[in-house]
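# Per-entry structural report
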Amino acid sequence: PNFGASLHILKVEIGGDGQSTDGTEPSHMHYENDENYFRGYEWWLMKEAKKRNPKIKLIGLPWTFPGWIGKGENWPYDYPDVTAYYVVSWILGAKQYHDLDIDYVGIWNERAFSSKYIKLLRYTLDKHGLQQVRIIASDRLWEPISFVLLIDSELRGVVDVIGAHYPGTKTVPNALLTKKKLWSSEDYSTFNDEVGAGCWARILNQNYVNGNMTSTIAWNLVASYYEELPFGRCGLMTAQEPWSGHYKVEAPIWITAHTTQFTQPGWSYLQVDGHLEGGGSFVALTDGLGNLTIIIETMTHNHSQCIRPPLPHYSVKPQRATFYLKGSFYMVETLQVWHSRLGFESGNSSLFQQLHPVNVLEGSFSLDLNVDEVYTLTTLKTGQKCGCPEPPPPQPFPSNYKDDFNIRKSEFSYLKLNSHPVIVNPKSFLTKIAVLHREYSSIYCLLKKKKDSLLVKTPNFSCRVNMTVTCDVYIEKQRDGGVFIAGRVDNGGIYVRRTKGVFFWVFADGTYRVTSDLAGEEILMKGLSGVRDNSWHTLTLNIQGTSASGLLNGYPLWENVTISKPSNGWAAIGTRSFEFAQFDNFHIE
């Protein structure tokens, strides 16, 4: 609290073993009889957040579900009792194993909802003593959830918040008629330069001014994934070099502070017309105990466009604005002032600077507002802009990288940042890819091809042209199992299906292939390798200029394959389908 972004809410994914934009988060239940509440980074992240702000609100939302929930059908609502048990188990596990109290839970990210399931979820929560956990629905659009709430009184009784994604600061009449709390439960998602900061400043205010939304949640928290992945640098700040420790506190952090350092959950918005005559907006909030915070933004159209939805044209001009404080606020004599100016023309932004207090005379004060500015005026004196040490300098990724996947002190290794769920074999410390079936995926259903390959991408080699990739592999699936190593991989995340590169495959039937795509359709070379399942083999892929060659167990297997494109990219390992496979002694030069 009162430091940096001073966040009020942390919303995390309930991992479901499925691709959910920039990687896959592991489920706490890969199978019906499997429970593990230590997989993935979200538990760690929630605990770290609570250490810093014990009052931070926690939200869990599934993006995907493991395939067993549908009992063979690609739908989580056919057996709503199973899905409710699965979600409630995650909430109970958060408390039992990490002493984390989840405050809100969602339904299914940007997919259909089921009224029957939502009611059963409430019943299951209550049966397990989780009456304090509130339900958000439906993390998609305002409709049809708002209309259904109006006609279904039982559902209206169990849904606490209507959450919409990327509402463009607007709501709909039916949502207002429900009298429910309205939240923009996912928003922003914009490159975190000054324009991203302008987007964030505008919607933080105008989501309430135009749409009566009392919470706005940014996707995502910190851009800690490779910038060339989908929605690169769409976080409030950037930390994408774990090998150097370098990070950058971007402008959206300080735009956030204008609101979060001077309000708290439980404060109330004052019902005023927040549109400024010369363009821009303001909101006013109070804690009900005499404190007042006013946040003003004057973001111009071209300097505040979010990634979505399209922003209709409007104009903002320099103006003098006069504010009148009435009622109990009439007695306020001075207000503390914090100011940001996004310097699009000069390139020099001034972020979250404390100015001289403003004197309030007989309940009024005036401000000269320029364009692309944010002001906070508040009775609180707790604001601060930290004097923090400089982060470590950026460094290129090491030109010689090895990973034997052994468990050490670190909770994460670089490779696993964008990997599918892994099972660690305690005897040999091998990485074992552990998705055995299709999961239900959110937003983008990319699991349509007959051969669904898994891809584990390695640290950022997007600038690398020449490379040698080596890895020990162990195929477990008999007859049609297979694995690959790859280089110059040009796509990942939700766009993985279109991935091009150089892929060196070996299969359990003793054959090999070299393809220029993950789908395995563009074959550059094929033949016999002698590889079999349940045996260790060492694969080496060497790419130099326009030529590639491959070694098996240190001996040449194929060579002089001509590579046209991509001209650069990542290194990768993966499997032919949803199957068990093991990888060890991964090495890139």
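Residues numbered from 1 in each chain as written. Predicted model: local features only at pLDDT ≥ 70, side-chain atom pairs only at ≥ 80, totals over all residues. Heavy atoms only, no water.

### Here we look at the state of the cysteines
What counts, and what does not: Defined by distance alone, a disulfide is two cysteine sulfur atoms within 2.5 Å. Each helix corresponds to a stretch of at least 4 residues labelled H or I by DSSP, and each strand to a stretch of at least 2 residues labelled E; elements are numbered beginning at the N terminus. Partly exposed describes any residue whose relative accessible area lies between the buried limit of under 20% and the exposed limit of over 50%, with all areas from a 1.4 Å probe on protein chains only and scaled to the type maximum.
By the definition in use, this model includes 1 disulfide. Linked covalently through their sulfurs, Cys199 and Cys306 form a disulfide whose S-S length is 2.0 Å. In this structure the cystine formed by Cys199 and Cys306 twists about its S-S bond by roughly 100°; its chirality is therefore right-handed. Here Cys199 is found in helix α7 (residues 194-211), whereas its partner Cys306 is found in the loop between β13 (292-297) and β14 (319-324), with 107 residues between them in sequence. A residue is classified by how much of its surface remains accessible, and Cys306, at 12% relative accessible area, is buried. There is no disulfide at Cys234, and the cysteine sulfur nearest it, in Cys199, is 9.5 Å away.

### Here we look at the UniProt feature "domain: Glycosyl hydrolase family 59 C-terminal lectin" (unreviewed entry) in the protein
The line we're drawing: UniProt positions are given in the numbering used here, feature names are shortened, and annotations may be inferred rather than shown by experiment.
In the UniProt entry, the feature "domain: Glycosyl hydrolase family 59 C-terminal lectin" (unreviewed entry) is given for residues 465-589. Helix makes up 0% of residues 465-589 and strand 60%, with an end-to-end C-alpha separation of 11 Å.

### Comments concerning the pairing of strand β5 (residues 161-165)
Applied cut-off: Pairs of strands are assigned from DSSP output, requiring at least two bridges between the strands.
Counted residue by residue, β5 has 5 buried out of 5 residues, so it is predominantly covered. Side chains Val161, Gly163 and His165 project from β5 onto one buried face, and the interleaved Ile162 and Ala164 project onto a second face that is buried too. Bridge count for strand β4 (residues 134-140) against β5 is 4 bridges, and the pairing is parallel. Within β5, the position partnered with Ala137 by the bridge is Ile162.

### Some points on the environment of Leu377
Keep this limit in mind: By the convention used here, residues are in contact when the closest approach between their heavy atoms is within 4.5 Å.
With respect to the helices, strands and loops of the structure, Leu377 is situated in strand β18 (residues 373-378). You can call Leu377 buried: its relative accessible area is 0%. For the pair formed by Leu377 and Thr263, sequence separation is 114 residues and the distance between their alpha carbons is 11 Å. Once residues within four sequence positions are removed from consideration, Leu377 is found in contact with Leu292, Thr293, Ile294, Ile296, Leu335, Gln336, Val337, Val358, Phe365 and Leu367.

### Quick word on helix α8 (residues 251-260)
The element α8 is largely enclosed, with a buried count of 10 among its 10 residues. Along α8, the residues that are buried comprise Ala251, Pro252, Ile253, Trp254, Ile255, Thr256, Ala257, His258, Thr259 and Thr260.

### Some points on the sheet that holds strand β7 (residues 215-219)
To keep it simple, the criterion reads: Fitting a line to C-alpha atoms yields each axis, with helices limited to the stretch in contact; the angle taken between N-to-C directions then spans 0 to 180 degrees.
Ordered in space as β1-β2-β3-β4-β5-β6-β7, the 7 strands form an open sheet in which the pairing is parallel. A single partner strand is all that each edge strand has here, and the edge strands are β1 (9-14) and β7. Pairing of β5 with strand β6 (residues 181-188), which is carried by 5 bridges, proceeds in the parallel orientation. Its bridge partner lying in β6, Ala164 is registered against Ser184. Each of β1, β2 (57-62) and β3 (104-105) touches helix α2 (residues 80-98); the most contacted strand, β1, lies at about 130° to it.

### Details of the nonpolar core
Grouped burial of nonpolar side chains is what soluble globular proteins tend to show. So the rule is basically this: Side-chain atoms within 4.5 Å are what join buried Ala, Val, Leu, Ile, Met, Phe, Trp, Tyr and Cys residues into a set we call a nonpolar core.
Residues Ile107, Ile118 and Leu121 are the most contacted members of the largest nonpolar core, which totals 49 residues. Sorting the residues of this core by element identifies β1, α1 (42-52), α2, α3 (115-127), β4, α4 (145-151), α5 (153-158) and β5 as the ones contributing at least two each.

### A word on the pairing of β14
Burial along β14 is one-sided: the face carrying Gln319, Ala321 and Phe323 is buried and the face carrying Arg320, Thr322 and Tyr324 is not. Bridge count between β14 and strand β17 (residues 364-369): 6 bridges; the pairing is antiparallel. In the sheet register, Ala321 faces β17, and the bridge partner there is Leu367.

### Some remarks on the sheet that holds strand β8 (residues 222-223)
Strand order in this open sheet of 3 strands is β8-β9-β10, and the pairing throughout is mixed. Edge positions in the sheet fall to β8 and β10 (246-248), since each has one partner strand and no second. Of the pairings in the sheet, the one linking β8 to strand β9 (residues 237-241) comprises 2 bridges and is parallel in character. Counterpart to Ala223 in the pairing with β9 is Thr238.

### Here we look at the packing of α2 against α3
We count it as follows: Throughout this description, any angle smaller than 35 degrees is read as roughly parallel, any larger than 145 degrees as roughly antiparallel, any in the 65 to 115 degree range as roughly perpendicular, and the remainder as oblique. What makes a crossing left-handed is the near helix being turned counterclockwise from the far one by less than a right angle; a clockwise turn instead makes it right-handed. Charged residues are taken to be Asp, Glu, Lys and Arg, nonpolar residues to be Ala, Val, Leu, Ile, Met, Phe, Trp, Tyr, Cys and Pro, and polar residues to be all remaining types, Gly included.
Look at α2 against α3: their axes get within 9 Å of each other, and the N-to-C directions meet at 45°. With respect to α3, the element α2 is oriented oblique. Relative to α3, the crossing made by α2 is right-handed. Side by side, α2 and α3 meet where Pro80, Asp81, Thr83, Ala84, Val87, Val88 and Ile91 of the first sit next to Lys116, Tyr117, Leu120, Leu121, Thr124 and Leu125 of the second. Taken together, the residues of the contact of α2 with α3 sort by class into 9 nonpolar, 2 polar and 2 charged.

### Brief notes about the environment of Pro357
Secondary-structure assignment places Pro357 in strand β16 (residues 350-359). Taking relative accessible area as the criterion, Pro357 reaches 41% and is therefore assigned partly exposed. Once the C-alpha coordinates of Pro357 and Thr334 are considered, the two residues, 23 residues apart in sequence, prove to be 6.3 Å apart. The residues contacting Pro357, other than those within four sequence positions of it, are Leu335, Gln336 and Val337.

### Notes on the side chain of Lys11
Quick reminder of the rule: For the purposes of these results, a polar contact is taken to be a pair of N or O atoms within 3.5 Å, where, inside protein, one atom must be able to donate a hydrogen and its partner to accept one; residues adjacent in sequence count only when each atom of the pair is a side-chain atom.
Relative to the helices and strands, Lys11 resides in strand β1. Residue classification places Lys11 among the buried positions, given a relative accessible area of 18%. Here Asp139 takes part through its side chain, which lies 2.8 Å from a polar atom of the side chain of Lys11. Here the side chain of Lys11 touches Ser185 through a polar contact of 2.8 Å, landing on its backbone oxygen. The residues touching Lys11, leaving out its near neighbours within four places in the chain, are Ile59, Leu61, Asp139, His165, Ser185 and Ile217.

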